[in-house]
Amino acid sequence: MDARDEILGKLARKKHGGGATGISGHMKPAVAMKTGEEMVAQFREKAAKLSCGLSELSRMSEVPGEIERVLGEIGTMPVLHVSDEPELASLPWEDVPGLRTSREMDRDALDGVAALSACAAASAETGALVLTSDADHATAIGYLPDFHFVLLRKSQIVSGFEGIWAAARTNGGNRDLPRAVNIIGGPSRTGDIEATMVMGAHGPRSVHILLVDG
Amino acid sequence: MTPPNDQHAPEMHVTSERFSENARHALDDKVLQGGLFIFAKGFTALREIGISQVPEFGDMRDRARDVKNHVLENLGDYLKQFEERVIANGGRVHWARNASEANEIIGRLCAEVNAKTVVKSKSMVTEELELNPHLEKQGIEVFESDLGEYIIQLRKEKPFHIVGPALHLTKEQVSDTFYEAHQRYGRTEKVTEKEALVREARIVLRERFKQADVGITGANFLVAETGSIALVTNEGNADLSATLPKHHIAVTGIEKIVPTLEDLGLFLRLLPRSALGLDTANYLSLYTGPKRDSDPDGPETFDIVLVDNGRSDMLGSEFQDMLRCIRCGACLNGCPVFTSVGGQAYGSVYSGPMGAVWTPALAGITHAANLPNASTFCGKCEEVCPVRIPLPNLMRHWREREFEKHYTPTGQRWGMGAWRWIAGKPALYRLASSMGGRVLRAMARKGWVKKLPGFAGGWTEMRDLKAPEGGSFLEQYEKGRRS
Ligand code: SF4
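The structure presented is a predicted model; accordingly, all values stated were derived computationally and were not measured.

Asker: Outline the interface of chain B and chain A, listing residues and values.
Answerer: On the chain A side, the residues contacting the 101 residues of chain B number 79 residues. Across the chain B/chain A interface, buried area totals approximately 7,900 Å², and carbon plus sulfur atoms make up 55% of it. The interface formed by chain B and chain A includes 13 salt bridges. Classifying every residue of the side of chain B that touches chain A gives 38 nonpolar, 27 polar and 36 charged. Judged from the 5 bridges that link them, strand β9 (residues 180-184) of chain A and strand β9 (residues 283-287) of chain B form a sheet pairing that is antiparallel. Residue pairing in the sheet places Val181(A) in a bridge with Leu286(B) of β9(B).

Asker: Can you tell me about the sheet that holds strand β7 (residues 147-153) of chain A, naming the residues and giving the values?
Answerer: Residue and element names in this part refer to chain A. In space, the 6 strands of this open sheet follow the order β1-β12-β7-β4-β2-β3, with parallel pairing throughout. Looking at which strands have only one partner, the edges of the open sheet turn out to be β1 (53-57) and β3 (100-102). Taking the axes of each pair of neighbouring strands and ignoring which way they run, one obtains an average angle of 25° across the sheet.

Asker: Describe the nonpolar core, with residues and values.
Answerer: If you look at the biggest cluster of nonpolar residues, it comprises 140 residues, and the most contacted ones within it are Ile106(B), Ile229(B), Leu264(B), Val305(B) and Met322(B). The element best represented in this core is helix α12 (residues 261-276) of chain B, accounting for 9 residues. Once residues lying within four places of it in the same chain are set aside, the contact partners of Ile106(B) are Leu129(B), Leu131(B), Leu135(B), Ile216(B), Ile249(B), Val251(B) and Val305(B). Residues Val207(A), Val119(B), Val191(B) and Ala212(B) belong to the second largest nonpolar core, which totals 49 residues.

Asker: Describe the environment of Ala361(B), and please don't skip the residues or the numbers.
Answerer: All names here are of chain B. The residue Ala361 is located in helix α16 (residues 352-363) in this model. In this structure Ala361 comes out as buried when scored by relative accessible area, which is 6%. Between the C-alpha atom of Ala361 and that of Arg311, which follows or precedes it by 50 residues, the distance is 8.1 Å. The contacts of Ala361, once residues within four sequence positions are left out, are Pro10, Met314 and Trp398.

Asker: Provide a residue-level description of helix α1 (residues 19-28) of chain B, including the pertinent values.
Answerer: All names here are of chain B. Those residues of α1 not exposed but buried are Phe19, Ser20, Asn22, Ala23 and Ala26. Axial view of α1: buried residues confined to an arc of 160°, hence all on one face. Exposed residues lying more than 90 degrees from the buried face of α1 are Glu21, Arg24, His25 and Asp28.

Asker: Quick rundown of the sheet that holds strand β2 (residues 117-120) of chain B? Include the residues and the values.
Answerer: Residues and elements named next belong to chain B. An order of β1-β10-β7-β4-β2-β3 is seen for the 6 strands of this open sheet, with the pairing classed as parallel. Each of the sheet's edge strands pairs with one partner strand only, and the pair in question is β1 (92-96) and β3 (141-144). Strand-to-strand twist of the sheet, defined as the mean angle between neighbouring strand axes without regard to direction, takes the value 20°. Sheet analysis places strand β7 (residues 247-253) next to strand β10 (residues 301-307), joined by 7 bridges and oriented parallel. Looking at the pairing, Thr252 lines up with Leu306 of β10.

Asker: Can you lay out the site of the ligand for me, pointing to particular residues and giving the numbers?
Answerer: Residues in close proximity to the ligand total 13 residues, the closest being Cys325(B), Cys328(B), Gly329(B), Cys331(B) and Cys385(B). Here the residues of the shell around the ligand are counted per class, giving 11 nonpolar, 1 polar and 1 charged.

Asker: Describe in detail the environment of Asn98(B), supporting the description with residues and values.
Answerer: Residues and elements named next belong to chain B. Following the sequence through the fold, Asn98 ends up in the loop between β1 and α5 (99-112). Along the primary structure Asn98 and His8 are separated by 90 residues, whereas in three dimensions their C-alpha atoms are 5.7 Å apart. Residues contacting Asn98, with those up to four places away along its chain left out, are Gln7, His8, Ala9, Pro10, Glu11 and Asn309. Engagement of the side chain of Asn98 in a polar contact is seen with the backbone oxygen of Gln7, the distance being 3.0 Å.

Asker: Describe the confidence of the model for chain B, and please don't skip the residues or the numbers.
Answerer: All names here are of chain B. Confidence in the prediction for chain B averages 82 pLDDT; 81% of positions are at 70 or higher. In the predicted structure, residues 409-483 sits below a pLDDT of 50 and forms 135 contacts with residues beyond four places in sequence or in another chain. Among the scores for the predicted complex, ipTM is 0.96 and pTM is 0.88.

Asker: If you had to explain the packing of helix α3 (residues 57-73) of chain B against α12(B) to someone new, which residues and values would you point to?
Answerer: Residues and elements named next belong to chain B. At a minimum axis distance of 10 Å, the contact between α3 and α12 shows a crossing angle of 125°. Judged by the angle between their axes, α3 and α12 are oblique. As for the relative orientation of α3 and α12, their crossing is left-handed in sense. For the pair α3 and α12, the contacting residues are Phe57, Met60, Arg61, Arg63, Ala64, Val67 and Lys68 in the first and Asp263, Leu266, Phe267, Arg269, Leu270, Arg273 and Ser274 in the second. The residue inventory of the contact of α3 with α12, partitioned by class, reads 7 nonpolar, 1 polar and 6 charged.

Asker: Now, about unusual backbone geometry: what can you tell me, with residues and values included?
Answerer: In this model, Ser51(A) sits at a positive phi of 70°, which is unusual for a non-glycine residue. Residue position: Ser51(A) is located in the loop between α2 (36-49) and β1. Classification of Ser51(A) by relative accessible area gives partly exposed; the value is 32%. Phi angles above zero are rare outside glycine, and Arg388(B) is one such case at about 50°. By the secondary structure assignment, Arg388(B) is in the loop between α18 (380-384) and α19 (391-405). By relative accessible area, which is 26% here, Arg388(B) ends up partly exposed.

Asker: How would you explain the environment of Val349(B) if you had to name every residue and give the values?
Answerer: Residues and elements named next belong to chain B. With respect to the helices, strands and loops of the structure, Val349 is situated in the loop between α15 (338-341) and α16. A relative accessible area of 5% means that Val349 is categorised as buried. Linking Val349 and Glu127, residues 222 residues apart in sequence, is a C-alpha distance of 6.6 Å. What Val349 contacts, discounting residues up to four positions off in sequence, is Met12, Met124, Glu127, Glu128, Lys158, Pro159 and Ile162.

Asker: A description of the pattern of salt bridges should follow, citing residues and the corresponding values.
Answerer: Per the stated rule, a full pass over the model turns up 43 salt bridges over all chains. For Arg69(A), the salt bridge goes to Glu73(A), with nearest N and O atoms at 2.6 Å. Within this pair, Arg69(A) and its partner Glu73(A) are both found in helix α3 (residues 63-74), separated by 4 residues, close to a single helical turn. Since its relative accessible area comes to 42%, Arg69(A) is described here as partly exposed. Exposure remark for Glu73(A): the relative accessible area of 59% places this residue in the exposed category. One salt-bridge network, in which partners are shared between bridges, spans Asp108(A), Asp111(A), Arg206(B), Glu207(B) and Lys210(B).

The rules behind the values
- Residues numbered from 1 in each chain as written.
- Chains lettered and ligands numbered in written order.
- Predicted model: local features only at pLDDT ≥ 70, side-chain atom pairs only at ≥ 80, totals over all residues.
- Heavy atoms only, no water.
- Contact = heavy atoms within 4.5 Å.
- Buried area = accessible area lost by both parts, 1.4 Å probe.
- Salt bridge = Lys/Arg side-chain N within 4 Å of Asp/Glu carboxyl O.
- Nonpolar A, V, L, I, M, F, W, Y, C, P; charged D, E, K, R; others polar.
- Pairing = 2+ DSSP bridges.
- Helix = DSSP H or I, 4+ residues; strand = E, 2+ residues; numbered from the N terminus.
- Axes fitted to C-alpha atoms, helices over the stretch in contact; angles between N-to-C directions.
- Core = buried A, V, L, I, M, F, W, Y, C linked by side-chain atoms within 4.5 Å.
- Buried < 20%, exposed > 50% of the residue type's maximum accessible area, 1.4 Å probe, protein only.
- Arc of directions from axis to C-beta.
- Near = heavy atom within 4 Å.
- Polar contact = N/O pair within 3.5 Å; in protein donor to acceptor, adjacent residues only side chain to side chain.
- pLDDT = per-residue confidence, 0-100.
- Parallel < 35°, antiparallel > 145°, perpendicular 65-115°, else oblique.
- Left-handed = near helix turned anticlockwise from the far one by under 90°.

This is the structure in structure tokens:
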């Protein structure tokens with residue numbers, strides 16, 4: 001008998017007769033049930049706790065200028081790799097002639113650079129950002145750059161995991177999910193040497209959110 | 001359980017026979033004792049603070065227990081549903097009765113694509129299988145990418161703790177290890193600071209990620225409804241392993257399944273809080289199938305290896321409850337035995353209370369008879385377990401079995417008395433007395449030890465806790481020892 005049949009056969013024989021524990025209903029903690037302004041406020045607070053940077057902007061057109069400003073604070077980072085999402089391409093990059101943009105997304109191009117991507121949602125429960133793979137979004141953009149800027153519209157903030165799954169399913173087309181759903185809770189870190197937290201383990205050492213009204 | 005001559009019987013190599021000897025040695029190891037202090041006090045405090053912020057935590061644990069019980073009662077059905085969804089999404093599912101079979105499958109998948117190098121993210125199941133030596137025998141170079149796992153791989157050790165594999169080492173030891181191992185990449189300068197060590201590992205491993213032919217990950221959860229695997233990490237290495245190489249293989253136990261995404265949410269709420277008191281891990285990721293046609297990146301193949309290796313034998317036995325385990329490590333941190341002797345004394349990749357139940361089930365009680373005895377039956381493990389596994393009871397079952405059959409060699413039997421003796425000397429007291437304890441006493445004077453239960457969540461605070469004057473606890477401790 002092959003392994004699959006043998007394992008499944010064994011499991012079937014061991015299945016308890018009748019009365020399987022029911023698991024109807026669902027449990028959501030209060031921290032995942034905020035709405036409206038309260039939800040946005042909790043997102044800000046949680047994102048800060050995860051060591052994310054946050055700029056609040058009232059218009060999309062302010063995004064390039066704000067990125068230039070933040071990069072200026074960090075130091076030299078003359079090129080910004082911009083992900084293929086249409087809302088990013090249409091930003092007024094001509095307003096910031098000092099900042100060169102690149103659309104290159106291969107692994108060597110993204111390694112250690114500054115990059116900007118959009119996201120699918122963000123969770124007020126934890127402060128994390130949700131990035132999903134599709135034709136316009138390479139998964140590696142959340143991992144290979146050193147500085148990751150993420151454009152987030154206020155309306156994309158959801159209360160908790162339940163909202164994340166809904167947003168991810170929409171992006172996947174129907175009940176299926178996109179290949180990758182990455183829920184990113186701030187910069188990459190490790191505590192593996194003497195339990196001391198060090199930022200920038202394998203992923204970005206900085207995650208900066210551009211939170212835009214609307 | 002399975003007859004011993006069965007070629008598909010569970011397999012796991014352990015050196016648990018030497019537990020008592022290892023334990024005595026560990027008690028004298030000052031550096032190790034410093035590392036253990038972090039788990040015993042720091043992680044336990046972080047957990048308590050983290051969960052105190054979620055009033056529903058107790059109810060969530062009840063529900064998690066019920067969901068897992070429901071899954072275990074219908075395990076075959078959920079696995080079939082999972083398999084169907086994986087295939088529908090363009091992936092493949094492989095079934096392995098035991099370690100040899102799993103290693104053979106993974107070896108074959110690597111050979112099919114002519115793999116020269118493999119990059120791995122932390123997976124306890126592959127440790128259980130001893131996959132790395134198997135692949136190396138095939139001439140494949142295997143790189144662990146979780147920083148802690150990478151360090152112990154270079155040092156040829158076994159993980160010290162399921163969540164913090166290398167926390168028994170000092171930065172000087174890591175520095176020596178890197179200095180030796182990284183010469184081949186032209187890195188001849190010795191780095192000693194923690195930040196620099198992390199940076200160096202990042203630079204060296206980044207190239208491995210980019211060049212590896214195959215990425216191997218575990219899976220913290222499998223979602224039956226969508227055919228997805230869920231990975232929970234802080235470093236981002238699992239995601240690079242699942243994205244950059246052309247081939248992704250996920251290796252995991254058959255018990256890791258949850259029915260729906262909603263259920264997954266429940267476990268994602270429990271796991272980081274139980275492990276480190278955090279609201280969330282840095283990276284929670286779901287992977288469903290290989291790269292889609294229009295995707296700019298991702299692997300071309302997506303293979304899942306479902307490993308039984310003794311799990312189906314536990315089902316329906318008095319050890320069934322153990323299959324609910326989500327590997328959070330909370331029972332290790334709370335255990336007076338683990339926090340006295342450390343993970344390596346157990347001689348098994350699974351240590352602490354959960355290891356004392358898993359190890360005999362997978363390796364056979366004859367090889368691990370000491371472990372269920374390594375308990376004071378204080379009940380702390382059950383108290384902290386997010387899926388409410390009655391660990392002391394399960395250890396008791398093993399003791400009964402073992403006692404009936406007299407598997408423990410005479411002279412090696414650790415009576416309850418010995419463990420009461422250790423537990424009667426709390427880690428803090430032992431540290432303060434055994435090493436002169438200048439640092440600890442100084443810290444106690446400053447009031448930080450007393451403040452422990454009251455500090456407010458998060459890793460940053462954890463660092464502050466251990467670093468009242470800018471260094472880690474171990475540095476303070478080392479300084480105290482030298483002065
Ligand atoms: S037995 Fe419970 S506490 Fe221990 S690792 Fe497993 S889930 Fe966590």
